[in-house]
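Below are the chains, spelled out letter by letter.
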Amino acid sequence: MVDGMQMEIKELVKQLAELESSKMYLDDFLLTWDRSDDEIAAVFKTAEILQNMRQNNISTRVFDSGLAVSLFRDNSTRTRFSFSSAANLLGLTVQDLDEEKSQIAHGETVRETANMVSFMADVIGIRDDMYIGKGNTYMREVAGAVSQGHSAAILEQRPTLVNLQCDIDHPTQSMADALHLIRFFGGKENLKGKKIAMTWAYSPSYGKPLSVPQGIIGLMTRFGMDVVLAHPEGYSVMPEVEDVARRNAEVGGGRFTKTDSMAEAFAGADVVYPKSWAPFSAMEKRTELYADNDMEGIRSLEKELLMRNAEFMEWECTESLMGLTKGKNGLYMHCLPADISGVSCERGEVSASVFDRYRDQLYMEASFKPYVIAAMIFLARFSNPSEKLLQLLERDSKRVF
Amino acid sequence: MVDGMQMEIKELVKQLAELESSKMYLDDFLLTWDRSDDEIAAVFKTAEILQNMRQNNISTRVFDSGLAVSLFRDNSTRTRFSFSSAANLLGLTVQDLDEEKSQIAHGETVRETANMVSFMADVIGIRDDMYIGKGNTYMREVAGAVSQGHSAAILEQRPTLVNLQCDIDHPTQSMADALHLIRFFGGKENLKGKKIAMTWAYSPSYGKPLSVPQGIIGLMTRFGMDVVLAHPEGYSVMPEVEDVARRNAEVGGGRFTKTDSMAEAFAGADVVYPKSWAPFSAMEKRTELYADNDMEGIRSLEKELLMRNAEFMEWECTESLMGLTKGKNGLYMHCLPADISGVSCERGEVSASVFDRYRDQLYMEASFKPYVIAAMIFLARFSNPSEKLLQLLERDSKRVF
Amino acid sequence: MVDGMQMEIKELVKQLAELESSKMYLDDFLLTWDRSDDEIAAVFKTAEILQNMRQNNISTRVFDSGLAVSLFRDNSTRTRFSFSSAANLLGLTVQDLDEEKSQIAHGETVRETANMVSFMADVIGIRDDMYIGKGNTYMREVAGAVSQGHSAAILEQRPTLVNLQCDIDHPTQSMADALHLIRFFGGKENLKGKKIAMTWAYSPSYGKPLSVPQGIIGLMTRFGMDVVLAHPEGYSVMPEVEDVARRNAEVGGGRFTKTDSMAEAFAGADVVYPKSWAPFSAMEKRTELYADNDMEGIRSLEKELLMRNAEFMEWECTESLMGLTKGKNGLYMHCLPADISGVSCERGEVSASVFDRYRDQLYMEASFKPYVIAAMIFLARFSNPSEKLLQLLERDSKRVF
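As the structure is a computational prediction, the values presented were derived from the model and not from experiment.

**Q** Can you explain the pattern of salt bridges? Please cite residues and give values.
**A** One pass over the structure, following the stated rule, counts 72 salt bridges over all chains. Of the charged contacts in the structure, one is a salt bridge between Asp-34 of chain A and Arg-140 of chain A, with a shortest N-O distance of 3.3 Å. On the criterion of sequence distance, the pair formed by Asp-34 of chain A in the loop between α1 (3-17) and α2 (37-55) and Arg-140 of chain A in helix α5 (residues 135-151) is long-range, its members being 106 residues apart. We classify Asp-34 of chain A as partly exposed; its relative accessible area is 42%. A residue is classified by how much of its surface remains accessible, and Arg-140 of chain A, at 40% relative accessible area, is partly exposed. In this structure, Asp-27 of chain B and Arg-35 of chain B form a salt bridge, with 3.3 Å as the shortest nitrogen-oxygen distance. A single salt-bridge network, built from bridges that share partners, covers Glu-242, Asp-243, Arg-246 and Lys-258 of chain A.

Structure below.
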């Protein structure tokens, strides 16, 4: 490795060392607003260092053995590969837990399964975003179970939980999105005052989770950004998360406002994030219907929601809307996959020409997720992460021989 | 690592070196009663050493590459994770073989598949416990096929087979159970004379395998224990395995008796292991019906068995039964998952308060399985295991950097 | 390692260094006829070196981390294990991509998925052999997508594609087959003038891919072999690949002829490769029916094809046909699994006694595939492969500690 690169990485490590992140050690990453500003910054910094090391062919394999358990309660190619990439980057082997929902539904079984899969697990990644009030609760149940198992000396190590998307937050997505913005604008300090429009968009599909818009307003407000949440009437997100956004904006010197006009949100925006989601109240109702096993009710709710969606087909991110953004070239973001009009559906969240123009940026946005996950794991497993990263530099093992 | 720990491990290795286990080298682990007392002791010792090393952050990665093939003919989260953990601890990568039963049912295909998956396999773990007369036979067929392939220079190495549960024995379970007892009573020598009650228990489900009770009576009798097998009339296990238990008891200075009273079995017991299983004769009949593809017959047999089970609902491990055990606090064991009354079913194998009181012990019992599997693999792959373990100590690679 | 072995490996490496294979670096392996004679020879040589190293317990782990993405559009135990073994031998972790066909069917999604799974991928193995005109096209689409992603700095590395079977070629199979012949006849130079009969054979199943016969005639013609393609009328392979075979034969000093008589093909053959496949024209029709979603049409085509197959049940590799081969003991080859008369079906591609006599050779033939795949990966990832192999020799890490 050229000396310049090594000095650059050492500078980043020095910056990491100045951040107070000690409480992340042996802890989980469940919601971004559970974590301090320094801890959030430490994740970005560690992700950047790991990426720099990999780009310079320095192995960041810190585990010679150990499992990363993946527990996905719905299908997800992207998140699966991100988690798998992060685990592999650090030397952990992914073992999927594919139990039927019914098998891990009640208390006794959660406790038991959590322990049974964790004897040699350093990490558990969970994705459970289908039902309001369930996903995050389930993660905390698993966290409690492995804590208990560790205290009782059943588990030699207490695995770290990483929230790979729940009903409330999608921290690995929002953190990757934020890292993309930091890179795009050349530094976290440059996010201050930038306007980001998190807006609802039309989709012909049903019941998309709320965790992305919630994750975005919950995180971006803390960087002093001007965050606007836009959606048609009736498409509210969880009130608790709006409260988080408001508090963050106050503390961080930013703004959090709401509107029911996509155009108003786009006006002068530096960044737009148009994405479909289901109304919170409808998702709550759906959870109840599901609990009652009322399949007839679920079908009629679905029909009703699709009809309601169809009233708002003009909520599409078009070229003319993009023309309202700052300098007519605001940054378009999406967590992917997007519903692209005329490509993946007749009418969708975004017009093909807008999507096409921003494709490289969208893929770049996604590319940060494996590093963000790896950073979350790294900070949770090492008591002195900056020292450990320096030791990795000194070890100088190559990723590719 | 502190010096004390290193000396402790060296002492364990010294004890291992005194055991005659050379016949395990390049051999399989299919039935505990195929193995000598020294070989059984070598598995316990090696498991303890591997666990000690991991607890002291010494990497036990002995394979830089190599596959561990898993061949599961029914679903099993627990066994899958145990096998995966053991493979990972030693540096092997698990590759699942998920062929349909039909594809590997007949001779030609077993031979071919066994070779095709073994070009770079050091281990094959098989679980096949569904049909009497089939599982263990299948394992021996695979063993024969890879031996043949190795002799013909097709396979560069002859992979080791580990029985992860068959119709006859469940050696990784019974060995983990025994290691739990050794730890609980502070040494294998302390098992002498201890009474263990392996008893049938009521379950509302159908057709649970016999391999656990058979594995327990076949193994525990050799430590000089007083083994009592209790079940209602008609719930006999395989006569051959009862013979094994009787012979072992004779040789090892223990006892093997039978009773049809749960209370009698529990009376004064140091350890109780209440667990449901299907009658051997019914399982034999089921295998025949399956061979004849007589689905109607299978359904009526199932109905009949569930009705017969229901006659013995009082075979539940309750607090009052536990009161009959030695000092009223005999150790409760189970291979998990248990059918817990009022929790996972209305009436089951054990009452909730008993299960609850022993939960930590039960999880601890399960925690030994990955190490037992790893030890079986280790002893089969290294001609001088104690020397190799000392070399691992000297190498002193860290599991976590 | 004994010194003799090390000298032998060094000699092989020296031979590799003399071959011009620099264009394989960072390139894909999609069709054997895309590659020069030196490149083909480099794959054989590298495969031999990797095998020699493994046999002498020298670790060939060149990746400390990194993913090998497997994208299988149909089931395949054998190819899955070969790819998995090759990845593992080099230190890569396999991550399966199991998207439904529909999800990756259209352009936008191929581009997106290809990038999303490749952030940390060094290799992508694809098997897609079901539809004429589709498989290879799909691979080139994926190749284009990751090239684009790499140019746009989205992907830190541009993963190498390995064709694990498409509609046109099956290069890992034909290369393994060729390596088997090289070993069997004691050197590539000894293939010159040897007669190989690639003949159709009867099978009671429907729609077997054409990639094996095409791969064989496309590859074996370049070693100066006398390649005869035999099939009943109407069972032609792709005309473009016949052209490739003809050109190769001309350049390489061999022969490519066709016949509709199995006996004629077998007469005096050094090697026979009898295997069923579907007629090219019928497969083209099937692709169209599938595109039109004409399930009725597909069913009737299937019926028609099975009836046509049944007219040629005498195309079976029997002992009497084997009696026509050179010295009555020509080498029988097959990619496995074979349809064996009286074993896996009533009447099939080969009689049981022929298959039985050649079983060890058939398994040996298959054993080269993992090494061939590993060699393709190795040559694509290292700019100076022979130097890197010498460094591996010097490093002298053990595969098994």
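**Q** Report on the relation of the copies chain B and chain A, specifying residues and quantitative values.
**A** Each copy of the sequence occupies a distinct position, and chain B is placed on chain A by a rotation of 120 degrees and an axial shift of 0.0 Å, giving an RMSD of 0.0 Å. The operation mapping one copy onto its partner corresponds to a three-fold rotation axis. When C-alpha distances to the rotation axis are compared across chain B, the minimum falls at Thr-93 of chain B, with a value of 4.8 Å. In this assembly, only 3% of the residues forming the interface of chain B have copies in chain A that are likewise at the interface, indicating a heterologous arrangement.

**Q** I'd like a description of the sheet that holds strand β8 (residues 271-275) of chain B, backed by residues and values.
**A** All names here are of chain B. Taken together, five strands build an open sheet; the order of strands is β7-β6-β5-β8-β9 and the sheet is parallel. In this open sheet, the two edge strands, each paired with only one partner strand, are β7 (255-259) and β9 (331-332). Relative to β7, strand β6 (residues 226-230) is paired through five bridges, and the arrangement is parallel. Its bridge partner being in β7, Leu-229 is matched across the sheet by Lys-258. Relative to the sheet, helix α8 (residues 239-252) contacts β6 and β7, its axis offset from that of β7 by approximately 140 degrees.

**Q** Can you break down the environment of Ile-58 of chain B residue by residue, with the values?
**A** All names here are of chain B. Structurally, Ile-58 is set in the loop between α2 (37-55) and β1 (67-72). Classification of Ile-58 by relative accessible area gives buried; the value is 2%. Taking C-alpha positions, Ile-58 is 5.5 Å from Arg-399, a pair spaced 341 residues apart along the chain.

**Q** Go over helix α3 (residues 77-90) of chain A, please, and point to the residues and values.
**A** With 14 residues, α3 of chain A should reach 20 Å at 1.5 Å per residue; the first-to-last C-alpha distance of 20 Å fits that figure. Counting buried positions over the 14 residues of α3 of chain A gives 13, a clear majority of the element.

Cut-offs used in this document
Residues numbered from 1 in each chain as written. Chains lettered and ligands numbered in written order. Predicted model: local features only at pLDDT ≥ 70, side-chain atom pairs only at ≥ 80, totals over all residues. Heavy atoms only, no water. Salt bridge = Lys/Arg side-chain N within 4 Å of Asp/Glu carboxyl O. Helix = DSSP H or I, 4+ residues; strand = E, 2+ residues; numbered from the N terminus. Buried < 20%, exposed > 50% of the residue type's maximum accessible area, 1.4 Å probe, protein only. Least-squares fit on C-alpha atoms with pLDDT ≥ 70 in both. Contact = heavy atoms within 4.5 Å. Pairing = 2+ DSSP bridges. Axes fitted to C-alpha atoms, helices over the stretch in contact; angles between N-to-C directions. Expected span 1.5 Å × (residues − 1).

All quantities given are derived from atomic positions and should not be read as evidence of function.
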